[in-house]
Structure formats: C-alpha cells, structure tokens
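# Architecture at a glance
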Amino acid sequence: MRVFLVVGLLLFAAGAVLPLFVSGPAWIVALRWAGLLAIASTGLWRQSLTRWIFFAMLLGGEIGLDRPQFAEHLRVFSEIFLRLIKVIVAPLIFGTLVTGISGHGNLRSVGRIGLKSLIYFEVVTTLALFLGVAAINISRAGEGLAISQTAPVSQQPSTAPLRWDDFLLHIFPENIAKSVAENQILQVAVFAVLFGIALARVSEAKRASMLKFCESLTETMFSFTNLVMYFAPVGVGAAMAYTVGHMGIGVLLPLGKLLLTGYCALLAFLLLILFPISRLARIPLGRFVEAVAEPATIAFATSTSEAALPRAMEAMEEFGVPRRIVAFVIPAGYSFNLDGSTLYLALASIFVAQAAGMHMGWSEQLLMVFTLMLTSKGVAGVPRAVLVVLLATAATFHLPTEPIFIILGVDALMDMARTAVNVIGNCLASAVVARWEGELVEHPAAP
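## Quick notes on the overall build of the protein
The number of helices and strands found in the protein is 19 helices and zero strands. Relative to its 447 residues, the protein shows a buried fraction of 51%. In the protein, of all internal contacts separated by at least 6 residues, the share reaching a separation of at least 24 is 83%.

Set out below in structure tokens:
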C-alpha cells in the first residue's frame with residue numbers, strides 16, 4: 001500500500017512540475033491522473049478520513065486545472081459543508097465550556113491546584129496565540145492568495161473603526177438565542193463561561209442534572225462533528241476545485257509557506273516558551289524529555305491527543321508528579337491547555353485575513369486573539385475541530401471562508417506536529433504545578 005502511495009505522489013508531483021519546463025502535452029495530464037488513481041487505491045485498502053481529505057484536495061486541484069468552468073459549479077458542495085459545520089459551533093462551544101468549568105464540582109473544591117493550573121494554562125496558551133500571530137505576520141504566507149474578490153459582499157468588514165467601549169459592550173449577550181442565530185460566537189462563549197461558573201456554585205444535587213445534560217450535549221456534538229466530517233472530502237475537494245479553477249494553480253504556493261511557518265512557529269514555541277518555563281521551574285530536562293518521548297511520539301503518529309493520554313499520565317507519575325496532580329492537570333489541560341492547537345488557530349486566522357487581502361491592524365489582531373482565548377477552550381481537543389473554531393472566528397471578524405477549506409488540505413500534516421506539542425505542553429504543566437506546590441519528587445541520578 002505504501003508503495004502505491006509513494007508511486008502515486010511521485011507521478012502526481014512529476015505531472016505538476018513538468019509543465020514548468022514543457023508546454024503541457026496530454027501525456028502530462030495523464031501522468032497526474034495516474035498518480036491520483038494510485039493514491040485513491042491506497043484509500044480503498046485502509047479507510048482513513050485524513051487520506052481521503054488529502055486525495056480530495058489533489059483531485060479538486062486537478063479538476064480546477066483541467067475543467068475550470070465545470071469546477072466553478074462545484075462550489076455548492078463546499079457551501080453545504082460550511083453550513084453543516086456552522087450549525088455545530090454554538091452548542092459545541094457552550095457544552096465544552098460549561099462542562100470544563102463546572103465539571104469539577106464547586107469552584108472552591110477545585111482548590112489551590114486548580115487555580116494554579118488555570119493561571120498557568122491561560123498564560124501559556126496566550127503566549128502561544130501571540131507567537132502564532134507574530135509568525136504569520138513575519139512570513140505573510142497568505143498574501144499570495146488574494147481571495148477577497150470571491151467573498152460575498154455581505155461579509156466585507158465595516159470601514160468604521162471599532163471603539164473599545166463598543167467592543168466591550170458587544171461581547172456581552174442581551175439574548176442568547178439572538179446571539180446563536182446571528183452566529184455571535186464570542187457572546188455565546190461569554191454566556192457559557194458565566195453559566196459554567198454559576199452552575200459550579202449551586203449544590204451538587206441541583207447541579208447534577210444540568211451538568212449531565214451539558215456532558216451529553218457535548219458528546220452528541222462531538223459525534224455530530226465526526227458525522228459531518230465524512231462529508232469533508234467532498235467539501236474540501238469542491239472548494240479546492242473552485243479556487244484553482246477561479247484563480248489558477250498559483251493558489252497552492254501559499255500552502256507550502258503556511259506549512260513551513262506552522263512548523264517553525266511550533267519549534268519556536270518549544271524553544272522560546274516551554275524550555276524557559278522548564279528552566280524557571282527547575283524541571284530536570286533530560287529526565288523530562290525521556291518521560292515525554294513516548295507519549296509525544298504516539299500523539300505525532302496518530303494525530304490524536306487522547307491516544308497519548310494514558311501513557312502521558314503514567315509517564316509523569318514515573319517522572320515524580322503525584323497522582324492527584326497528574327489526574328487533575330493533564331485531563332484539564334486537554335480542554336484548557338492545547339498549546340499547539342491554539343498557536344495554529346492564531347496563525348491560521350491571520351492567514352485567512354491575509355488571503356482575503358484584508359489588512360488587520362494590531363488592535364484588530366489582539367481582538368482576534370482575545371476571541372480565540374475563549375472559543376479555543378475545549379473545542380480544539382476534538383479531532384479536526386480546528387475547522388469549527390476557524391469558521392467561528394471567520395464569522396466573528398467577517399472573513400471569507402474559501403481559505404479555510406484550502407487550509408484543511410494541509411491540516412493533516414499540521415495536525416501531527418501541533419498534537420505532539422499539545423501533549424508535551426500538558427506534561428510540562430503537570431510538572432510545573434507539582435514544583436509550584438513543592439511536591440515534585442526528585443529521583444536520585446542513576447549510578
């Protein structure tokens with residue numbers, strides 16, 4: 001199967017590069033289609049949604065290149081996918097935030113460890129968001145797309161400047177149903193935070209039924225997301241076909257720049273943020289790297305943080321973090337401390353604005369970061385739910401949706417790295433909180 005995949009990729013790459021040197025004979029097009037058939041055959045042997053999304057991106061690009069007029073009619077399928085995703089956003093954010101805040105019982109019972117963990121989570125994820133914004137502003141990877149002309153007129157932002165008092169008033173909902181109907185996702189997030197805090201303050205007997213409802217809602221929306229994602233190859237392929245047919249093959253170059261920017265930003269996060277934190281907390285770096293190597297590798301290979309959770313908790317206990325701290329910090333971190341995902345969300349959101357030809361000042365980018373600080377909690381832990389958060393952010397800031405579907409084509413490659421960073425960040429968080437509590441067990445060096 002891997003042989004077919006490698007052969008298919010080589011054939012398709014050769015068919016894509018040769019037109020740069022030879023004026024496109026028919027056999028070059030046949031070469032690309034042969035490569036696509038070889039890649040598709042591997043998907044028949046091993047059913048993988050990621051593999052089919054990647055194939056759909058290549059197929060959509062080929063259709064857009066060969067039949068541009070036909071490709072422009074395929075946009076309706078990407079719009080269907082967009083609508084299915086949008087309907088998930090509000091209930092999913094509400095359920096995850098309420099469950100994450102009130103799920104541990106009365107806020108006072110969370111105690112000192114919970115407070116320190118949440119402070120640490122918010123500081124580190126905020127640094128990750130700022131680093132993502134800085135990275136994409138340096139690389140400016142989205143500027144080659146210029147998709148603004150394809151965005152609906154109704155989505156264009158108002159030219160009037162947004163004053164700070166207007167924004168502050170706007171984030172508080174006056175009617176939650178109205179906020180959901182108008183896709184005001186920041187208002188939904190604020191309502192969910194306040195609702196979660198209020199729910200955590202009532203008695204256990206009165207809280208149980210509502211908490212169970214929110215947990216059930218969250219799990220149902222996770223299942224809804226997974227169900228809708230079966231349509232993702234069609235939506236992504238149609239979006240790619242429309243974009244390439246409308247704008248040409250040059251649209252693919254910024255994807256490579258985005259991928260490179262993302263990996264460089266995640267590496268910078270490890271070196272410039274997590275490494276200094278480990279030094280300040282006096283974490284034994286050699287032993288820590290040895291402890292997280294296996295769960296981080298599992299996360300990278302599977303692109304799923306949950307797959308690495310049991311081994312990560314076991315490894316940090318062996319490292320010297322008490323079980324009660326591990327049992328709270330790492331699971332809570334899966335909702336509130338997804339460093340790699342939050343960095344990528346900031347990077348991808350600014351990429352969408354650049355692709356739309358929109359100039360966002362630093363004040364507007366800071367507002368976007370503030371929005372992501374709320375909307376990224378919990379949701380980013382769901383497989384492929386980065387798409388949900390990106391669409392919510394695009395709706396809030398009146399960004400076009402076409403670049404988001406293009407991003408999904410390389411999202412699988414980005415997902416591997418950001419998931420590994422998520423796991424490393426949560427393991428480090430448990431060690432830092434244990435050190436903060438004075439309970440990190442120092443093992444003597446082996447002779």
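## A word on unusual backbone geometry
One non-glycine residue, R140, lies in the positive phi region at around 50°. On the secondary structure map, R140 appears in the loop between α6 (107-139) and α7 (164-170). Looking at R140, the relative accessible area reads 33%, which means it is partly exposed. With a phi close to 55°, R282 is a non-glycine residue in the positive phi region. Residue placement: R282 occurs in the loop between α12 (253-280) and α13 (285-302).

## Description of the confidence of the model for the protein
Across the protein, the average pLDDT comes to 78, with 81% of residues at 70 or higher. No element of the protein has a lower mean pLDDT than α7, which averages 68, and none a higher one than α12, which averages 90. Taken as a whole, residues 148-162 scores under 50 in pLDDT and shows 18 contacts with residues more than four places along the chain or in a different chain.

## Side note on the packing of aromatic side chains
Overall, the coordinates contain seven aromatic pairs when judged by the stated rule. Between the aromatic rings of F94 and F191, the centroid separation amounts to 6.0 Å while the plane-to-plane angle is 20°, which identifies the pairing as stacked. Placement of F94 in helix α5 (residues 75-102) and of F191 in helix α9 (residues 185-201) is noted, with a sequence separation of 97 residues between them. Among the residues examined, F191 registers a relative accessible area of 27% and is labelled partly exposed. Note on F288 and F319: the rings are 6.0 Å apart at their centroids and 80° apart in plane angle, and the pair reads as edge-to-face.

## As for the environment of A16
Structurally, A16 can be placed in helix α1 (residues 2-17). Overall, A16 belongs to the partly exposed group, its relative accessible area being 43%. With 16 residues separating them in the primary sequence, A16 and R32 have C-alpha atoms 7.1 Å apart.

## What to know about helix α10 (residues 204-229)
Between its first and last C-alpha, α10 extends 36 Å over 26 residues, near the 38 Å set by a 1.5 Å rise per residue. Of the positions making up α10, those classed as buried are R207, L211, C214, L217, T218, M221, F222, T225, V228 and M229.

## A word on the packing of α12 against helix α16 (residues 339-355)
Two elements in contact, α12 and α16, have axes whose closest approach is 10 Å; the angle formed by their N-to-C orientations is 140°. As summarised for this structure, α12 and α16 are arranged oblique, according to the angle between their axes. In this structure, α12 crosses over α16, and the sense of that crossing is right-handed. Counting all contacts with α12, which are made through P254, L258, T261, G262, A265, L266, F269 and L274, the residues of α16 involved are D339, G340, L343, L347 and F351. Looking at the contact of α12 with α16 residue by residue, the classes come out as nine nonpolar, three polar and one charged.

## A short note on the side chain of S179
By the secondary structure assignment, S179 is in helix α8 (residues 176-181). There is a polar contact of 2.5 Å between the side chain of S179 and the side chain of Q187. Apart from residues lying up to four places away in sequence, S179 is in contact with P173, Q184, Q187 and V188.

## Details of the pattern of salt bridges
Charged atoms that come close allow side chains of opposite charge to pair. Summed over the entire model, instances satisfying the criterion amount to five salt bridges. R75 is paired through a salt bridge with E79; the nearest N and O atoms lie 3.6 Å apart. Taken as a pair, R75 and E79 lie in helix α5 at a separation of four residues, close to a single helical turn. E79 sits in the partly exposed class, given a relative accessible area of 29%. Residues R207 and E204 are paired through a salt bridge, measuring 2.3 Å at the closest nitrogen-oxygen approach. Of the two residues, R207 and E204 are both situated in helix α10; the distance of three residues between them amounts to about one turn of the helix. Under the relative-accessibility criterion, R207 is labelled buried at 4%.

Criteria and cut-off values
Residues numbered from 1 in each chain as written. Predicted model: local features only at pLDDT ≥ 70, side-chain atom pairs only at ≥ 80, totals over all residues. Heavy atoms only, no water. Helix = DSSP H or I, 4+ residues; strand = E, 2+ residues; numbered from the N terminus. Buried < 20%, exposed > 50% of the residue type's maximum accessible area, 1.4 Å probe, protein only. Contact = heavy atoms within 4.5 Å. pLDDT = per-residue confidence, 0-100. Phe/Tyr/Trp six-rings, centres within 6.5 Å; stacked < 30°, edge-to-face > 60°. Expected span 1.5 Å × (residues − 1). Axes fitted to C-alpha atoms, helices over the stretch in contact; angles between N-to-C directions. Parallel < 35°, antiparallel > 145°, perpendicular 65-115°, else oblique. Left-handed = near helix turned anticlockwise from the far one by under 90°. Nonpolar A, V, L, I, M, F, W, Y, C, P; charged D, E, K, R; others polar. Polar contact = N/O pair within 3.5 Å; in protein donor to acceptor, adjacent residues only side chain to side chain. Salt bridge = Lys/Arg side-chain N within 4 Å of Asp/Glu carboxyl O.

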